[in-house]
Amino acid sequence: MDGSKEGAHAVVAPTHERPAALLPLFAPVRGLQGVGPALERRLARLLGSADPVVLDLLTHLPASFLDTCPAMELTPLDEGCTRTLLVRIAGHHPPPSGNRPFRVAATGPAGDIDLVFFGAVQRMIEERFPLGAERVVQGRLQRFAERWQMAHPDTLRPEEAGRPLAVYPSSDGLHQGTIRGLLRRAQAKLAPLAEWHEPDLLRAAGWPPLDQALRAAHAGPDDKALARLAMDELLAGQLGLLIARRSRERAAGRSIRGDGTLQARLLAALPFEPTGEQRTAVAEILADMAAPSAMLRLLQGDVGAGKTLVAVQAMLAALEAGHQAALMAPTEVLATQHARSLARMLEPLGIQPLLLAARIKGKERARLLERLRSGEPALVVGTHALLQDDAVFADLALAVVDEQHRFGVRQRLTLRSKGHAVDLLLMTATPIPRTAAMSAYGDIATSIIANRPPGRQPIATAAVPVDRIEEIYSAVRRRLDRGERVYWVCPLVEVSEREDQAAVEARVEELRAMFGGAVGFVHGRLKDDAKDLAMRAFAQGETPLLVATTVIEVGVDVPEATLIVIEAAERFGLAQLHQLRGRVGRGSGASACVLLWRPPLSATAKSRLAALRATNDGFVLAEEDLRLRGPGEILGDRQSGVPNLRLADLQRHADLVPLAAASARRSLADDPGLASERGRALRLLLHLFRRTDALGLLDGG
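### Brief notes about the overall build of the chain
So, step 1. A tally of helices and strands in the chain yields 24 helices and 21 strands.
So, step 2. Overall, the chain is about 95 × 75 × 45 Å in size when its C-alpha atoms are taken along their principal axes.
So, step 3. Across the chain, every contact between residues at least 6 apart in sequence was considered, and the portion connecting residues at least 24 apart equals 75%.
So, step 4. Working note: accessible area of the chain is about 29,800 Å², and carbon and sulfur atoms make up 52% of it.
So, step 5. Seen as two clouds, the 86 positive and the 82 negative side-chain charges of the chain have centres 2 Å apart.

Listed below in structure tokens is the structure:
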């Protein structure tokens, strides 16, 4: 159980003493019988905790359940399947040579079978399977020399036979029998706890108490037990988020009101009219900035929807009021592009954005930092360099975080701490399904730009097997002959950036044999200056065919790019494929995306490619991505503040998310300090899910 949230001015709150009722659940797993140092290290990796406790084990839920009713007969259809058999041991047959298995001959209602053990110690096998003894064994069936055999079967305890048998996610060679034994010992630590759910909800849902629900979840498929546990996790998360929001809103803030002059001049200079959704988003953000409490708003917009214009208007409002504004991007390539884009957009206003990045050094950096310290109204674009100690703002009023899921909670809060009551606008080009957004952010204020600006054409998407790559080469040549730009994205290699580099360089060599000096490249191991040069050469048409890794995934804006080829597309997640596709279709010309795939395709990969071909709507794709992969792909990794859900499934338990949010709101409205009997139970819940940061904010006022 884990949790994180974005608070008003600090993430770390005073540690609260853990209630005595929870101490058995937070006892280290090393205290369980049979857990030595080696097993503890394996459990730490399996459970994702450096110091795993009993509760971590109890919330490690089964992935599935096996039928343990002994089979009465075997047919050819059973080959390759896992089955349970009741057998009587008929003979021991040691191997004639060292590389052959030890065979235990057995017979039973389903017929004769050999139990096969490679590298076994004869004495241990004979003790485990004595002659004449009956055993219930389970394993994968195979045929060998006209006989059934089962290699390294599990031996079930008598009470396990006939009941569903839990199969747990495992790693490091941890056997299912070991995990099941540990879970039995962990369940002995369970005891009833005070109930935190509203009585009417419990009666209507028919949910068991927590201790019973945890036992039931390990005993067999039980929808009510799983729903109860999911609701516990979601309610703890919603309570933590709501307490953080309430603390933030109570904190001292300031009203930022621009007079609209700079914004009006910007809009007058634009060659197009903002969409209705862009105007609505601007109005919502400006209203938040004008309010006396500090703003925290999420701006969602699909690829190419025009979020940057909205953010620029917000930053101009801060400048109109005589303050400073900052935009933080996750990469130097994206920050540099933002700075250039804003410079073009703001040139008619006489405003020159400042760029603060790692490559800005020496006197140039010193002059820039002095301007920030001087208090002059300024708009600065930067990377993580904005977070460094020497980046001191005299009057930062608004911080915009682009691609916010790539930043951790602490990084966002560090940026916010650069000024007094700084308004924070989070931007994402990855549409977030409502259930995932509520789970990660609670009822955070959200502005959505769902539609792309007029004039943008849909991107034609095709999935093509790699054996037709010659057709792709021809399509690339046609685009280049028309003076257009083409991206060629190399396979995602998760092992290392060196392998990314090797994949890019191999493809560059092949394409240069066909297209000569038209081919440029960019990958993660290039220095920032080299990346910048490569992107500039591509944008200016000097190297109109750019071979790249996913460093181009976000933010790169080249209107002349009309074709993107994504090699080994089956290795990418749906959200990432949609982001990459969004690198084209940014001008008025017809654009295309080719998903180059290698057989065989898994069912999930087929679903991803089919979904991408079916729609350009990022919000539709986000819902499909949630179904296929869960919230991690959509919201980013754990450091970004996304709850590491162990018990709730945002697809299966989608209806519980708003229910948990409503329950949290009622609970705090009725008992703001959580001081009543039920309030104290809710404090137990926050402890249980490690939300002591919320308790610190609650008790700190």
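So much for the structure itself; the text now carries on.
### Some remarks on the packing of helix 7 (residues 223-250) against helix 23 (residues 677-688)
So, step 1. One way to put it is that helix 7 packs onto helix 23 with a least axis distance of 9 Å and a crossing angle of 100 degrees. Viewed along their axes, helix 7 and helix 23 adopt a mutual orientation that is roughly perpendicular. Listed contacts from helix 23 to D232, L235, A236, L239, G240 and I243 of helix 7 are L682, L685 and L686.
So, step 2. In the contact of helix 7 with helix 23, the residues fall into 7 nonpolar, 1 polar and 1 charged.

### As for the sheet that holds strand 19 (residues 545-548)
So, step 1. Spatial strand order, 16-21-20-17-19-18: 6 strands in an open sheet with parallel pairing. Every other strand in the sheet has two partners, leaving strand 16 (459-465) and strand 18 (519-522) as the edge strands with one partner each. Going from strand to strand, the sheet's axes swing by 20 degrees on average, the running direction of each strand aside.
So, step 2. Sheet topology places strand 17 (residues 485-489) next to strand 19; 4 bridges connect them, and they run parallel. Residue pairing for strand 19: V489 is matched across the bridge by A548.

### Observations concerning the packing of helix 11 (residues 332-346) against helix 17 (residues 528-539)
Geometrically, a packed helix pair is captured by the angle between its two axes and the distance between the axes.
So, step 1. Axis separation between helix 11 and helix 17 bottoms out at 9 Å; the angle between their running directions is 50 degrees. Relative to helix 17, the element helix 11 lies oblique. Both helix 11 and helix 17 take part in a crossing whose hand is right-handed. Between helix 11, through E332, V333, T336 and R340, and helix 17, the contact on the second element is made entirely by D528, K531, D532, M535 and R536.

### Considering the side chain of R254
So, step 1. Relative to the helices and strands, R254 is located in the loop between helix 7 and helix 8 (261-269).
So, step 2. In this structure R254 comes out as buried when scored by relative accessible area, which is 18%.
So, step 3. Within the structure, R254 has its side chain in polar contact with the backbone oxygen of L396 (distance 2.9 Å).

### Points about the packing of aromatic side chains
So, step 1. Applying the stated criterion to the full structure yields 3 aromatic pairs.
So, step 2. Plain terms: the ring middles of F117 and F129 are 5.6 Å apart, the flat faces sit at 40 degrees to each other, and that makes the pair tilted. Here F129 lies in the loop between helix 3 (122-128) and strand 5 (134-144) and F117 lies in strand 4 (residues 111-117), a separation of 12 residues in the sequence. Comparing F117 with F129, the two get one shared label, buried.
So, step 3. Centroid distance Y473 to W488: 5.8 Å. Interplanar angle 25 degrees. Geometry classified as stacked.

### As for the nonpolar core
So, step 1. In terms of nonpolar packing, the biggest core is built from 54 residues, with L25, L43, L57, W196, L239, L685 and L688 touching the most fellow members.
So, step 2. No other element matches helix 7, which puts 9 residues into this core.
So, step 3. Sequence-distant contacts of L57, that is, excluding residues within four places in its chain, are made with V29, L32, L47, L182, L183, A186 and H218.
So, step 4. Counting residues in each nonpolar core, the second largest holds 44 residues, with W207, A227, L424 and A440 among its members.

### Some remarks on the side chain of Q176
So, step 1. In this structure, Q176 sits in helix 4 (residues 176-187).
So, step 2. On the accessibility criterion, Q176 (16% relative accessible area) is buried.
So, step 3. Among residues more than four places away in sequence, those in contact with Q176 are A166, V167, Y168 and S170.

### Focus: the pairing of strand 3 (residues 102-108)
So, step 1. When you tally the buried positions in strand 3, you get 5 out of 7 residues, the bulk of the element.
So, step 2. In textbook terms, the turn of a hairpin is the stretch between consecutive antiparallel strands, and for strand 3 and strand 4 this stretch comprises 2 residues.

### Quick notes on the pattern of salt bridges
So, step 1. Going through the model one piece at a time under the given rule, you end up with 28 salt bridges.
So, step 2. With its nearest N and O atoms 3.1 Å apart, the salt bridge here joins R468 to E471.
So, step 3. For the salt bridge of E510 with R507, the shortest nitrogen-to-oxygen distance reads 3.0 Å. Of this pair, E510 and R507 both sit in helix 16 (residues 497-515), separated by 3 residues, roughly a single helical turn.
So, step 4. Given a relative accessible area of 10%, R507 falls into the buried group.
So, step 5. When salt bridges that share partners are traced, they join R507, E510, E567 and R598 into one network.

### Side note on helix 11
So, step 1. An ideal rise of 1.5 Å per residue puts 21 Å on 15 residues; helix 11 measures up with 21 Å between its terminal C-alpha atoms.
So, step 2. Here helix 11 lies mainly inside the structure; 11 of its 15 residues are buried.
So, step 3. For helix 11, the set of buried residues is E332, V333, L334, A335, T336, H338, A339, S341, L342, A343 and L346.
So, step 4. Looking at the buried residues of helix 11, the elements they touch are helix 8, helix 10 (307-320), strand 10 (324-328), strand 11 (354-356), strand 12 (379-382) and helix 17.
So, step 5. Among the residues of helix 11, the N-terminal cap falls to T331, whose side-chain oxygen and the backbone nitrogen of L334 are separated by 3.1 Å.

### Remarks on the state of the cysteines
So, step 1. A full pass over the atoms with the stated rule returns 0 disulfides.
So, step 2. Looking at C69, it has no disulfide partner, and the nearest cysteine sulfur is the one in C81, 16 Å off.
So, step 3. C69 gets classed as partly exposed once you look at its relative accessible area, which sits at 43%.
So, step 4. Take C490: it sits in no disulfide, and the sulfur closest to it among the cysteines is that of C593, at 15 Å.

### Here's the deal with the sheet that holds strand 11
So, step 1. One open sheet accounts for 7 strands, arranged 11-12-10-13-14-9-15; its pairing is parallel. Edge positions in the sheet fall to strand 11 and strand 15 (445-449), since each of these pairs with one other strand and no more. Taking each pair of neighbouring strands and ignoring which way they run, the sheet shows an average axis angle of 20 degrees.
So, step 2. Sheet strands in contact with helix 9 (residues 276-290) are strand 9 (296-301), strand 13 (396-401), strand 14 (423-428) and strand 15, and its direction is about 160 degrees off that of strand 15.
So, step 3. Packed onto the sheet, helix 12 (residues 362-374) meets strand 10, strand 11 and strand 12 and runs at close to 115 degrees relative to strand 11.

### With respect to the pairing of strand 6 (residues 147-151)
Looking along a regular strand, one sees the side chains alternate between the two faces of the sheet.
So, step 1. By the bridge criterion, 4 bridges tie strand 4 to strand 6 in an arrangement that is parallel. Across the sheet, V116 pairs through a bridge with A151, a residue of strand 6.
So, step 2. Note that strand 5 and strand 6 share 4 bridges and pair antiparallel. Note that in strand 6 the partner of L141 across the bridge is M150.

### Points about the confidence of the model for the chain
So, step 1. With 91% of its residues at a pLDDT of 70 or more, the chain has an overall mean of 86.
So, step 2. Note that pLDDT drops below 50 for residues 3-15; the model gives that stretch 40 contacts with residues more than four away or on any other chain.

### A few points about the environment of L480
So, step 1. Relative to the assigned elements, L480 resides in helix 15 (residues 469-481).
So, step 2. Of the residues examined, L480 reaches a relative accessible area of 17% and is grouped as buried.
So, step 3. Separated by 64 residues in the primary sequence, L480 and P544 have C-alpha atoms spaced 7.0 Å apart.
So, step 4. With sequence-adjacent residues up to four places away left out, L480 is seen in contact with V486, F515, P544 and L545.

Definitions and limits used
- Residues numbered from 1 in each chain as written.
- Predicted model: local features only at pLDDT ≥ 70, side-chain atom pairs only at ≥ 80, totals over all residues.
- Heavy atoms only, no water.
- Helix = DSSP H or I, 4+ residues; strand = E, 2+ residues; numbered from the N terminus.
- Contact = heavy atoms within 4.5 Å.
- Areas by Shrake-Rupley, 256 points an atom, 1.4 Å probe, with all protein chains shown as cover.
- Lys, Arg positive; Asp, Glu negative; His and termini not counted.
- Charge placed at Lys NZ, Arg CZ, Asp CG, Glu CD.
- Axes fitted to C-alpha atoms, helices over the stretch in contact; angles between N-to-C directions.
- Parallel < 35°, antiparallel > 145°, perpendicular 65-115°, else oblique.
- Nonpolar A, V, L, I, M, F, W, Y, C, P; charged D, E, K, R; others polar.
- Pairing = 2+ DSSP bridges.
- Left-handed = near helix turned anticlockwise from the far one by under 90°.
- Buried < 20%, exposed > 50% of the residue type's maximum accessible area, 1.4 Å probe, protein only.
- Polar contact = N/O pair within 3.5 Å; in protein donor to acceptor, adjacent residues only side chain to side chain.
- Phe/Tyr/Trp six-rings, centres within 6.5 Å; stacked < 30°, edge-to-face > 60°.
- Core = buried A, V, L, I, M, F, W, Y, C linked by side-chain atoms within 4.5 Å.
- Salt bridge = Lys/Arg side-chain N within 4 Å of Asp/Glu carboxyl O.
- Expected span 1.5 Å × (residues − 1).
- Disulfide = S-S within 2.5 Å.
- pLDDT = per-residue confidence, 0-100.

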